[in-house]
Amino acid sequence: MINPFLVEVTRGSLIESRHRGSVAIVDADGAPVLALGDVERRVYPRSAVKAIQALPLVESGISDRFGLSDEEIALTCASHSGEEKHAATAASILAKAGRDASCLECGAHWPSGEAANRALAATGGQPSALHNNCSGKHSGFICLSCGLDEDPKGYVTAQHHVQETVRRVLEDLTGAPHTEAERGTDGCSIPTYAIPLSALALGFARFGTGNGLSGERRIAAGRIRCAVAKHPFMVAGTDRFDTKLMECLRERAFVKSGAEGVYCATLPELGYGIALKIDDGTPRASATVMATLILHLLSLSDGERIQVEALAQPVLKNWNGIEVGHVQPVVALLRSLPKRHDS
């Protein structure tokens, strides 16, 4: 199947680029709401599933045992910009488990946020694993390992008890097999499993509603969503799409980007889970599609609509600040979307 064009990029009066992709929306009962393109093709969700990967830490009671705050729980779901508060919060999570940054096995890289990158360089500092965009998730894994009385060394390997626990939770929510045949290695070195977009969407519908989850897991999912809604900065950072959208909508929408053009979301009031993938892996296209879906599906106030519309059709400017074009959804995508409940 050739996936349809979902996003176009304009310059002047012409369309300069187009991005193909696929979208799956599933309701809380597992029924498909929208299927555009090949939603059964396996994709690696990458960082889009971090909130689901955080479930064992919360549902086990280990997060409470270590006294993790809502900010710290939100950071365990993050692909953050490496800003000072992000790095400090990751260090705080580790300290509560009696550990430090030397235990992190995610690797070090410069902060992905430009301002944070420049600030670190200006002080003569060097990046550490705390600046890795996945340091919050990894700090959570170390807490989980310590809480299970397991040696955290090697916690990134598929055979470690932490990753086995996370794998089982992902299988439970998505209903898709997470076996060696589907396994790859993520950028931060943990296992990532290729599953269909339809299964990913189901997982997020369950994460957002609690349908099909045990009592403890349902409570944990709600607590994670609440923590992120209170502290959306922790999930991404300054001027980042996920942060801006969730600052606007709070508990009405949980969204999470993944690498290579993957995006997932849940809209709890509708009971929907959303999963999408842009074929060429372009983040600007995946963000535009996600904002467009939310703009169309949720009933928004005038203020909310203005903010989400800006995310759905971002303006492109050159280095002189002159507007040169837009990133926008194609008309075919808009026509395919289901009607809003209040329409």
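To be clear, the structure that these remarks concern was listed above.
Residues numbered from 1 in each chain as written. Predicted model: local features only at pLDDT ≥ 70, side-chain atom pairs only at ≥ 80, totals over all residues. Heavy atoms only, no water.

Novice: Describe the overall build of the chain, naming the residues involved and giving the relevant values.
Specialist: Helix and strand counts for the chain come out as 14 helices and twelve strands. Since a compact globule built from 343 residues should have a radius of gyration of about 20 Å, the 19 Å found for the chain is in line with a globular shape. The dimensions of the chain, computed from C-alpha atoms along their principal axes, are 60 × 50 × 40 Å. In the chain, the proportion of contacts linking residues at least 24 apart, taken out of those at least 6 apart, comes to 64%. On the chain, roughly 14,100 Å² of surface is accessible, and the fraction owed to carbon and sulfur atoms is 49%. Separation of charge centres in the chain, based on 35 positive and 39 negative side chains, amounts to 2 Å. (Helix = DSSP H or I, 4+ residues; strand = E, 2+ residues; numbered from the N terminus. Rg over C-alpha atoms; globule rule 2.2 N^0.38 Å. Contact = heavy atoms within 4.5 Å. Areas by Shrake-Rupley, 256 points an atom, 1.4 Å probe, with all protein chains shown as cover. Lys, Arg positive; Asp, Glu negative; His and termini not counted. Charge placed at Lys NZ, Arg CZ, Asp CG, Glu CD.)

Novice: Tell me about empty space enclosed by the protein, residues and numbers included.
Specialist: Inspection of the entire model under this criterion finds three cavities of 30 Å³ or more. Quantified by volume, the largest cavity comes out at close to 100 Å³. If you list the elements that add at least two residues to the lining of the largest cavity, you get α8 (161-174) and β6 (191-193). It is α8 that contributes the most residues to the lining of the largest cavity, four residues altogether. Of the residues belonging to the lining of the largest cavity, the class tally is seven nonpolar, four polar and three charged. (1 Å grid on protein atoms, 1.4 Å probe; cavity = no way out; pocket = protein on both sides within 12 Å on 5 of 7 lines; lining within 4 Å. Points joined across faces, edges and corners; volume = space filled by probe spheres on them. Nonpolar A, V, L, I, M, F, W, Y, C, P; charged D, E, K, R; others polar.)

Novice: Please give an account of the layout of surface pockets that cites residues and values.
Specialist: The computed volume of the largest pocket comes to approximately 720 Å³. Lining the largest pocket are 34 residues; nearest its centre among them are Arg240, Phe241, Ser257, Tyr263 and Pro283. Counting residues per element, the ones that place at least two in the lining of the largest pocket are α11 (241-249), β8 (254-258), β9 (262-267), α12 (283-297) and α13 (302-312).

Novice: I'd love a proper account of the pattern of salt bridges, names of residues and values included.
Specialist: Oppositely charged side chains are able to pair whenever their charged atoms sit close together. Taken as a whole and assessed by the stated rule, the structure comprises 15 salt bridges. For Glu171, the salt bridge is made with Arg167, and the minimal N-O distance between the two is 3.2 Å. Pair noted here: Glu171 and Arg167 are both in helix α8, with a separation of four residues, about one helical turn. Under the relative-accessibility criterion, Glu171 is labelled partly exposed at 24%. Because the salt bridges share partners, they merge into one network encompassing Glu164, Arg167, Arg168 and Glu171. (Salt bridge = Lys/Arg side-chain N within 4 Å of Asp/Glu carboxyl O. Buried < 20%, exposed > 50% of the residue type's maximum accessible area, 1.4 Å probe, protein only.)

Novice: Describe the pairing of strand β2 (residues 14-26), with residues and values.
Specialist: In terms of strand pairing, strand β1 (residues 5-11) meets β2 through six bridges, oriented antiparallel. Along β2, the bridge assignment pairs Val9 with Ser17. Counted along the chain from β1 to the antiparallel partner β2, the turn is two residues long, and its residue Gly12 has a positive phi close to 60 degrees. In this sheet, strand β10 (residues 272-278) lies alongside β2 in antiparallel orientation, the contact comprising six bridges. By the bridge assignment for β10, Ala24 is matched with Ala275. In this sheet, strand β3 (residues 32-36) lies alongside β2 in antiparallel orientation, the contact comprising four bridges. Following the sheet pairing, Ala24 is matched in β3 by Ala35. (Pairing = 2+ DSSP bridges.)

Novice: Requested: an account of the packing of aromatic side chains, with residues and values cited.
Specialist: In total, this model carries five aromatic pairs according to the counting rule given. When the ring of Phe204 is compared with that of Phe254, the centres are 6.5 Å apart and the planes differ by 15 degrees; the resulting orientation is stacked. Pair noted here: Phe204 is in helix α9 (residues 197-209) and Phe254 is in strand β8, with a separation of 50 residues, a long-range link. Phe254 matches Phe204 in its accessibility class, with the two residues each being buried. Each residue in the set Phe204, Phe207 and Phe254 is aromatic and connected to the rest through ring pairs, giving one cluster. The ring of Phe5 carries Arg18 above its face, with NZ or CZ at 5.7 Å from the centroid. (Phe/Tyr/Trp six-rings, centres within 6.5 Å; stacked < 30°, edge-to-face > 60°. Lys NZ or Arg CZ within 6 Å of the ring centre and 35° of its normal.)

Novice: Can you explain the packing of α9 against helix α10 (residues 215-230)? Please cite residues and give values.
Specialist: Interaxial distance between α9 and α10 falls to 7 Å at its minimum, and their mutual angle equals 85 degrees. The angle between α9 and α10 places the two elements in the roughly perpendicular class. Where α9 abuts α10, its residues Phe207, Gly208 and Thr209 lie against Ala221, Ile224 and Arg225. For the contact of α9 with α10, a count of residues per class yields three nonpolar, two polar and one charged. (Axes fitted to C-alpha atoms, helices over the stretch in contact; angles between N-to-C directions. Parallel < 35°, antiparallel > 145°, perpendicular 65-115°, else oblique.)

Novice: Any chance you could break down unusual backbone geometry for me, citing the residues and the numbers?
Specialist: Across the chain, the bulk of peptide bonds are trans and the bulk of non-glycine residues have phi less than zero. One non-glycine residue with positive phi stands out, namely Asp149, at about 60 degrees. Relative to the assigned elements, Asp149 resides in the loop between α7 (135-147) and α8. Here the phi dihedral of Glu260 falls at roughly 60 degrees; this positive angle occurs in a residue that is not glycine. With respect to the helices and strands, Glu260 occurs in the loop between β8 and β9.

The values are spatial; any link to function lies outside them.
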